[in-house]
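Descriptive structure summary
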Amino acid sequence: MIVRVCLLLAVLGIKLSVFTAAQAADIKKVISSKGIEAWFVQDSSVPLIAMNFVFRGVGSVTDPEGREGLAKMSAALLDEGAGELQAAEFQKKLEEIAARLSFSAGRDNYSGRLSTLVSERDQAFNLLKLSLNRPRFDERPVERIRDQFYASLIRNVEVPQRVLGRKWSETVFAGHAYSRPSDGTKASIASITKADLNTFVSTRFTRDRLIVGVVGDISEAELGRRLDQVFGGLPKIGRTFNVPDVVPTGAGKTIVVKMSIPQSAILLGHAGIKREDPDWYAALLVSRIFGGGGLSSRLYEEIREKRGLAYSVYSYLNPMQKSALVVGSVATKNARAGESLSLIKAEWDQLSKKGVSAEELRDAKTYTNGSFPLRLGSSRGIAELLVGMQLSNLGENYIKERPSLINAVTLDDANRVARRVYDVNKLTTVVVGDPEGVVSTP
Amino acid sequence: MVLTLRSIRAVMGTFFLFFIIFFANNTIGAVFSPKSFKLDNGLQVVVIENDRAPIVLQMLWYRVGAADEKPGESGLAHFVEHLLFKGTKTTKPGEFSRRIARIGGRDNAFTSYDFTAYFQQVASHELETIMRLEADRMQNLVLSDDVVLPERDVVLEERRSRTDNSPAAQLREQVRRALYLNHPYGRPVIGWKSEIENLTTEKALAFYRKHYAPNNAMLIIAGAVKLDQVRALAEKYYGSIPYRPVSPRVRPKEPPHYAHRRVELRNARVNLPAISRTYLSPSYSAGGKQYAYALEVLSLVLGGGNTSELYRRLVVERGIASTAGAWYGGDGLDYGEFGIYASPKAGIDIDQLEQALFEEFGAAIKRGFKKEDIERAKRLIIAQAVYARDGLRAGPNAFGRAFTQGQTISDVEAWPERIASVTPEQVNQAAHTVFEIKNSVTSVLLPGDGK
């Protein structure tokens, strides 16, 4: 569910990609005269244009040592003044045309999104162009945003899910750039300068790593011109960042972070499977059966429906550019935290040893195929899909091909992959709260 | 208004509040051009034809929520919402959601003070399946302790996640209790812990029988469907459910408020303090609704974003707050709420910020708001009506809220026009009328020892 994605973003700061298949939307590739490519779905049902774009691989993971938080801080500042417009003027212009412009730095990727009324597109694209090409980073907005980062660092210390996500990343990615705090630290935020921000933008906002998806009421010819207008002035080639691949660490470890709250929040998991792995679709279906998909899954049934141990319990695959995880999550009152955890581990073990049933696999297939069209209900949803498909290096026929990729998974495939991916002995477990029946491993 | 959902919800705290207030209200402005009819048993049906994608959304809104519970049974409306997934005469516990999942659908439900709503989104050729299932649980619910008691534990866990684990959420609960001296809007939608623990199968069934009737509900179907097709299916599945008399919603009213209230919560886990004030105010349905549209505009110019008065003065110019703003919750059937808030920058004393917040708030009201700022805010709100048409959810949400909260389909359709007609004089007058300190609660979240 959408809300689950929000939770994951909050916990791990990692953007989930889009994987489901669908009924065909008519995707065109538009290439501008400067060679900028966008995937495009023309739609005139609403007088809107939605543009999503990503600079691949230059999210928080490329924050320099000691400048943790730089990517996110830049994202917060791009609409705080650009070109000749100071912060307040820039924001007033956006409001006057009711355009929605936002930027966000994920762990791997840096993304932006513009929605505008067709009638106001000229100004909207111009403001986007300014923000990407000529952000001002004036002292006053920089200091104000810096203060907001300090404030949220202070506040996050008291939010169980934030503490949990932080500890989890530090543990499973120890020693790797993924372990560093994407929100920064007090010291790193303090050290970020205007020069850092300018360097960040000029070395990362480049055309070689740009991915664009557009949906709306605009012609192909005009879209080509708009692509040049917005992105044509960016450098062709950016700096390369050598982020190494990483195998998650901490297998078998349990860490309890004491907090005096009535309910313990738990994350557990281990190495997962990458998006480009040939077993991806089998893993996706197994994951759905085990802990995915809203109001039904094995974990939901065992932990919530039968025993009332939790309101929230689920698991998911989390493929990243340099690693991959499979993660489970639950929140249970302290007195029964140990019980919840044991049950999830038993299910984890059972899945790898006994696999799934033919009926479960069949249902997972019909779910996975049937739920795809739900993504196509809004321009925003489609634009996100267009970018997600490109990020995962899928062809534009993917939407048509996906059902057969799903249907081709056999019960043997599913069970082989369940054995391959899930291993109860490799779990790393992090708990925040005051749990009974769970202790840290030495 | 606080909504609580049956499924995993991590959206808590202020973010959640804002989502509801801004998103929900602002989307009402869309011109959805619905078609509607009524079945003989009193069920209202609204159809929003939209063939953009081969999908359909069914929402069923009941005119019952937490404010319709008896004293001592707080949380019952929300609990019953959870229990509607527990099976009927012909559907086993959990089967409802499993069937929806099997066809690739999404389903969920949510409860607030004035409504309980259920929805499913599926490929449009599965419309009949979801209409059959939803109609079935309007009259055939079967409950027994073996499914009800574990679900009660689930709700208690939900309460821990939402409220008990968070000092800010605990404070919001206390603020509502202080804001309403007599009306049930003062209770938490999810219920008090001790009262949730005492909810039973019998109480749930009694509540269900009392409120779940076709004549107390609105069915909304949006997506790639045609009116005639929906009419035929509605007749087939909902039409046979008998009309049953439902008591009018008579709720205790607020007495005059004489005293400003102040609520402070201290907790060792709080690191960043916060200050806010909430005023009891008119809503779109009650208490001087001519002010509601003006309050909507006012909330934006006063505190709706980075260009608003409060943000500009406290965050940008004086540099003492990390955030500051205002919100209006005008949905309530009986009352509305208007709030202002701020959080200090690290190192700024909360007392200093409190003084500054009320100083700037008072000065802004006294000064009045400029025509150009009001025009900009109005344009922004009205544009939401266009954005709301992108996707299937906003229309059904707006009509469902209107139906359960004292408004009509035409109120929804006229919303952008009414926002457009708001004048600076009306905004300034609403501000002068509504903000009486005796009708408000000031709340402060503080670090320290809560004992």
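Residues numbered from 1 in each chain as written. Chains lettered and ligands numbered in written order. Predicted model: local features only at pLDDT ≥ 70, side-chain atom pairs only at ≥ 80, totals over all residues. Heavy atoms only, no water.

**Overview of the layout of surface pockets**
Selection rule: Residues are called lining when one of their atoms sits within 4 Å of a cavity or pocket point, these points coming from a 1 Å grid over the protein atoms alone, where a cavity is a set in which a 1.4 Å probe fits but cannot get out and a pocket is an open set with protein on both sides within 12 Å along at least five of seven lines. Grid points are joined across faces, edges and corners, and a volume is the space filled by probe spheres set on the points. A run of DSSP states H or I qualifies as a helix once it reaches four residues; a run of E qualifies as a strand once it reaches two. Both are numbered from the N-terminal end.
Taken as a whole, the second largest pocket holds about 440 Å³ of empty space. Counting only elements with at least two residues in the lining of the second largest pocket, the list comes to α10 (280–291), α11 (298–305) and α13 (358–370) of chain A together with α3 (95–102) of chain B. Top element by residues in the lining of the second largest pocket is α13(A). It accounts for four residues.

**Describing the domain arrangement of chain B**
Residues and elements named next belong to chain B. Under the convention used in this document: Domain segmentation is taken from an automatic or database assignment of domains. Only heavy atoms enter the contact rule, under which two residues are in contact if any of them lie within 4.5 Å. Summed over both partners, the accessible area lost on bringing two parts together, with a 1.4 Å probe, is the buried area. We define a salt bridge as a contact between a side-chain nitrogen of Lys or Arg and a carboxyl oxygen of Asp or Glu at a distance within 4 Å. The term polar contact refers here to a pair of N or O atoms within 3.5 Å; inside protein, the definition further demands a hydrogen-donor-capable atom paired with an acceptor-capable atom, and it admits residues adjacent in sequence only when both atoms are side-chain atoms.
Taken domain by domain, chain B consists of domain 1 (32–237) and domain 2 (261–447). Here the C-alpha centre of domain 2 lies 29 Å away from the C-alpha centre of domain 1. Facing the 42 residues of domain 1 at the interface are 40 residues of domain 2. With both chains or domains summed, domain 1 and domain 2 bury close to 3,300 Å², and 70% of this area falls on carbon and sulfur atoms. Of all residues in domain 1, Phe32, Leu171 and Leu179 give up the largest surface area on contact with domain 2, accounting jointly for 21% of the area buried on that side. In this assembly, domain 1 and domain 2 are joined by two salt bridges. On the surface where domain 1 and domain 2 come into contact, there are 14 residue pairs in polar contact (both at pLDDT 80 or more). At the level of secondary structure, the elements contributing two or more residues to the side of domain 1 that touches domain 2 comprise β3 (44–49), β4 (55–62), β6 (116–123), α6 (167–179) and β7 (217–223).

**Things to note about helix α14 (residues 394–404) of chain B**
Residue and element names in this part refer to chain B. Operational definition: A 1.4 Å probe rolled over the protein chains alone gives each residue an accessible area, and that area as a share of the maximum for its type sets the label: buried under 20%, exposed over 50%, partly exposed in between.
Along α14, 11 of the 11 residues are buried, which leaves the element largely enclosed by surrounding structure. Those residues of α14 lying buried are Ala394, Gly395, Pro396, Asn397, Ala398, Phe399, Gly400, Arg401, Ala402, Phe403 and Thr404. Note on α14: the residue one or two positions beyond its end, Gly406, has a positive phi of about 85°.

**Brief notes about the pairing of strand β2 (residues 35–38) of chain B**
Residues and elements named next belong to chain B. Stated formally: Here, a strand pair is defined by DSSP locating no fewer than two bridges between the strands.
Relative to β3, β2 runs antiparallel, the two being bridged by four bridges. The residue bridging Lys35 from the neighbouring strand is Val47, located in β3. Count of turn residues in the β2/β3 antiparallel hairpin: five residues, of which Gly42 carries a positive phi of about 95°.

**A closer look at empty space enclosed by the protein**
Counted only if it meets this: Polar here means any residue outside two lists: the nonpolar Ala, Val, Leu, Ile, Met, Phe, Trp, Tyr, Cys and Pro, and the charged Asp, Glu, Lys and Arg; Gly therefore counts as polar.
Counted according to the given criterion, the structure contains six cavities of 30 Å³ or more. There is about 70 Å³ of room inside the largest cavity. Around the largest cavity, the lining comprises 10 residues; the ones closest to its centre are Asp331(B), Arg401(B), Ala402(B), Gln405(B) and Gln407(B). Class assignment for the residues of the lining of the largest cavity results in four nonpolar, four polar and two charged. Its boundaries defined by the atoms lining it, the second largest cavity holds a volume of some 60 Å³. Lining the second largest cavity are 10 residues, and of these Leu295(A), Tyr300(A), Glu305(A), Gly94(B) and Ser97(B) lie nearest its centre. Of all the elements in the fold, those that place two or more residues in the lining of the second largest cavity are α11 of chain A together with α3 of chain B. Looking at which element gives the most residues to the lining of the second largest cavity, the answer is α11(A), with three residues. Residue composition of the lining of the second largest cavity, by class: three nonpolar, three polar and four charged.

**Some remarks on the interface of chain B and chain A**
Facing 62 residues of chain B, the contacting portion of chain A comprises 72 residues. Interface of chain B and chain A: buried area, both sides summed, is about 6,000 Å²; carbon and sulfur atoms make up 57% of it. Taken together, chain B and chain A are joined by seven salt bridges. For the salt bridge of Asp43(A) with Arg52(B), the shortest nitrogen-to-oxygen distance reads 2.9 Å. Here the element with the most residues in the side of chain B that touches chain A is helix α5 (residues 145–164) of chain B; it accounts for 10 residues. For the side of chain B that touches chain A, the class distribution of residues is 24 nonpolar, 16 polar and 22 charged.

**So, the confidence of the model for chain B**
Residue and element names in this part refer to chain B. Cut-off, in case you're wondering: In predicted models, pLDDT denotes the confidence assigned by the predictor to each residue on a 0 to 100 scale.
Per-residue confidence for chain B gives a mean pLDDT of 92; residues scoring 70 or more make up 93%. Here residues 7–30 is modelled with pLDDT under 50, and outside its nearest four sequence neighbours on either side it reaches 74 contacts, counting other chains as well. Scored by ipTM, the complex comes to 0.91, with pTM at 0.92.

**Side note on unusual backbone geometry**
All names here are of chain A. Even without glycine at this site, Phe137 takes up a positive phi of about 50°. In this structure, Phe137 sits in the loop between α4 (121–133) and α5 (139–156). One non-glycine residue with positive phi stands out, namely Asn393, at about 55°. Inspection of the secondary structure puts Asn393 in the loop between α14 (379–391) and α15 (398–407).

**Let's talk about the packing of α5(A) against helix α11 (residues 309–317) of chain B**
Short version of the rule: Axes, fitted as lines to C-alpha atoms, cover a helix only where it is in contact. Angles between the N-to-C directions of the axes lie from 0 to 180 degrees. Orientation categories follow fixed angle ranges, with anything under 35 degrees roughly parallel, anything over 145 roughly antiparallel, 65 to 115 roughly perpendicular, and all other angles oblique.
Running from N to C, α5(A) and α11(B) point in directions that differ by 90°, and their axes come no closer than 10 Å. When the axes of α5(A) and α11(B) are compared, the pair comes out roughly perpendicular. Contact residues: α5(A) offers Arg140(A), Arg144(A) and Gln148(A), while α11(B) offers Tyr311(B), Val315(B), Val316(B) and Glu317(B). In terms of residue class, the contact of α5(A) with α11(B) is made up of three nonpolar, one polar and three charged.

**Some points on the pairing of β3(B)**
Two elements, β3(B) and β7(B), share six bridges in a ladder whose sense is parallel. Paired with Ile48(B) across the strands is Ala222(B), a residue of β7(B).

**Focus: the sheet that holds strand β1 (residues 28–31) of chain A**
All names here are of chain A. Within the open sheet, the six strands sit side by side as β1-β2-β8-β3-β7-β6. Their pairing is mixed. Unpaired on one side and paired on the other, β1 and β6 (100–105) mark the two borders of the sheet. On average, adjacent strands in this sheet sit at an angle of 20° to one another, irrespective of strand direction. As defined by bridge partners, strand β3 (residues 48–55) adjoins strand β7 (residues 110–117) across eight bridges and the pair is classed as antiparallel. Bridging from a neighbouring strand, Asn52 pairs with Arg113 of β7. Each of β6 and β7 touches helix α2 (residues 70–77); the most contacted strand, β6, lies at about 175° to it.

**Some details on the packing of aromatic side chains**
Let me state the cut-off plainly: Any two of the Phe, Tyr and Trp rings considered here, Trp counted by its six-membered ring, make a pair once their centres fall within 6.5 Å; the pair's planes then place it as stacked at under 30 degrees, edge-to-face at over 60, or tilted in between. Two conditions define a charge located above a ring, namely a distance within 6 Å from the ring centre to NZ of Lys or CZ of Arg, and an angle within 35 degrees of the ring normal.
Under the counting rule described, the total for this entry stands at 33 aromatic pairs over all chains. On the basis of an interplanar angle of 80° and a centroid distance of 4.9 Å, the ring pair of Tyr284(B) and Tyr293(B) is categorised as edge-to-face. You can call Tyr284(B) buried: its relative accessible area is 5%. A relative accessible area of 12% places Tyr293(B) in the buried class. When the ring of Phe361(B) is compared with that of Phe435(B), the centres are 5.0 Å apart and the planes differ by 70°; the resulting orientation is edge-to-face. One end of the pair, Phe361(B), is in helix α12 (residues 350–367); the other, Phe435(B), is in the loop between α16 (424–434) and β12 (440–447), and 74 residues separate them in sequence. Every member of this aromatic cluster is reached through a ring pair, and the members are Phe53(A), Phe55(A), Phe103(A), Tyr110(A), Phe200(A), Phe205(A) and Phe231(A). Here the basic side chain of Arg100(A) rests over the ring of Tyr387(B), its NZ or CZ set 3.8 Å away from the ring centre. The side chain of Arg277(B) reaches across the aromatic face of Phe358(B), ending 3.7 Å from its centre.

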